[in-house]
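Observations on the three-dimensional arrangement
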Amino acid sequence: MINRKLTGEKPKMTLPAGAIDTQMHMYLPGFPAMPGGPGLPLDPLPDDDAYRSLMQWIGIDRVVITQGNAHQKDNANLVACLKEMGPNVSRGVAVISGQTPAAELKTLADAGVTAARIMDLPGGAIGLDALEEVDAICLDMGWAMAVQFNGSDLSTHYDRLAALRSNWILDHHGKFFRGLLPEDPEVTLVRKLIDKGNCYYKFAGCYESSLKGGPDYADIAAIARVIASHAPERLIWGTNWPHNMAQKEEDYPDDALLLDTVLGWLPDEQSLQLALVDNPERLFAFEPWDQAR
């Protein structure tokens, strides 16, 4: 049992109208964990009602729901969550492979899925070995692709990433588990990938790879500021709610404080508008906010 904070003092930063959280997970009753995954989050399940409370608290208007590792290749929970949240508010990131039938892809698209997930870390359902086949499907479907792996190995995977044809996201600040400094060659590689025009960089889950730790996450902040200044038109942001790695209440972050910290790494108001509204609208195929309401 963990008491997830869902209300409190509002963030100091006011999010722009139509703000999109591009990284979170949601779990509805009746969808058990699948073999190979990490299991469901601690009770109570972080469902749509809980998330709506979070949205109201910190100022989120729309959401991209990512298939959780607990459900592996079974996207039924994701589809149910998208139905609960509705098409004006939500889009989804599913787990697919080259063996996913065309009929299932259509079902996912009709439900609001506009992206697929590569998770090449323990518990992930589809890893980098399927990168090219998932990229081909995403290109055909008009979907984006979220790619998560140990970014400290970026140079090993650079050529394959540079050859991707769909729009894709370097997930979770790149997850440079062995640490990264602004002058390191991997930062140059990230900028080169972004400059190809189809790579986006996601601010989410900074605490998962920071070696310095909170509340400032100074190591992640230093790289984030470099990328934000280089290409604000390629940034997106997510809460990483419900912070599945937090197994104890004292480890659970205050989402308002975390928001102020992370979005404080953006250089100006225009960058905030791009990262929270314009970029994710385009990437995940949302209607423009003024038309969606």
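The structure this text deals with has already been given above.
Residues numbered from 1 in each chain as written. Predicted model: local features only at pLDDT ≥ 70, side-chain atom pairs only at ≥ 80, totals over all residues. Heavy atoms only, no water.

**Brief notes about the overall build of the protein**
Along the backbone of the protein there are ten helices and eight strands. Computed over the C-alpha atoms, the radius of gyration of the protein is 18 Å, within 12% of the 19 Å expected from 2.2 N^0.38 for a compact globule of 293 residues. Along the first, second and third principal axes, the C-alpha atoms of the protein reach 45 × 45 × 40 Å. The buried share of the protein, taken over its 293 residues, is 57%. Contacts in the protein between residues far apart in sequence, at least 24 positions, make up 76% of those at least 6 positions apart. Where the 25 positive side-chain charges of the protein centre and where its 40 negative ones centre are 2 Å apart. (Helix = DSSP H or I, 4+ residues; strand = E, 2+ residues; numbered from the N terminus. Rg over C-alpha atoms; globule rule 2.2 N^0.38 Å. Buried < 20%, exposed > 50% of the residue type's maximum accessible area, 1.4 Å probe, protein only. Contact = heavy atoms within 4.5 Å. Lys, Arg positive; Asp, Glu negative; His and termini not counted. Charge placed at Lys NZ, Arg CZ, Asp CG, Glu CD.)

**What to know about the pairing of strand E5 (residues 144-148)**
Where burial is concerned, most of E5 is hidden: five out of the five residues are buried. What you see with E5 is no split at all: Ala144, Ala146 and Gln148 on one side and Met145 and Val147 on the other are buried throughout. One ladder, built from five bridges, connects strand E4 (residues 113-119) with E5; its direction is parallel. Bridging across to E5, Ala116 finds its partner in Met145. A crossover links E4 with its parallel partner E5, the connecting element being helix H4 (residues 131-141), and its sense is right-handed. Taken together, the three bridges between E5 and strand E6 (residues 168-170) define a ladder with parallel strand orientation. The partner of Val147 across the bridge, within E6, is Leu170. Each parallel crossover has a hand, and the one from E5 via helix H5 (residues 154-162) to E6 is right-handed. (Pairing = 2+ DSSP bridges. Right-handed = clockwise from strand over helix to strand, strands pointing away.)

**Regarding the layout of surface pockets**
Counted as a void, the largest pocket has a volume near 450 Å³. Around the largest pocket sit 23 residues that line it, and Pro38, Asn69, Met119, Asn244 and Met245 are the ones nearest its centre. Each residue belonging to the lining of the largest pocket can be placed in one class, and the counts come to ten nonpolar, ten polar and three charged. (1 Å grid on protein atoms, 1.4 Å probe; cavity = no way out; pocket = protein on both sides within 12 Å on 5 of 7 lines; lining within 4 Å. Points joined across faces, edges and corners; volume = space filled by probe spheres on them. Nonpolar A, V, L, I, M, F, W, Y, C, P; charged D, E, K, R; others polar.)

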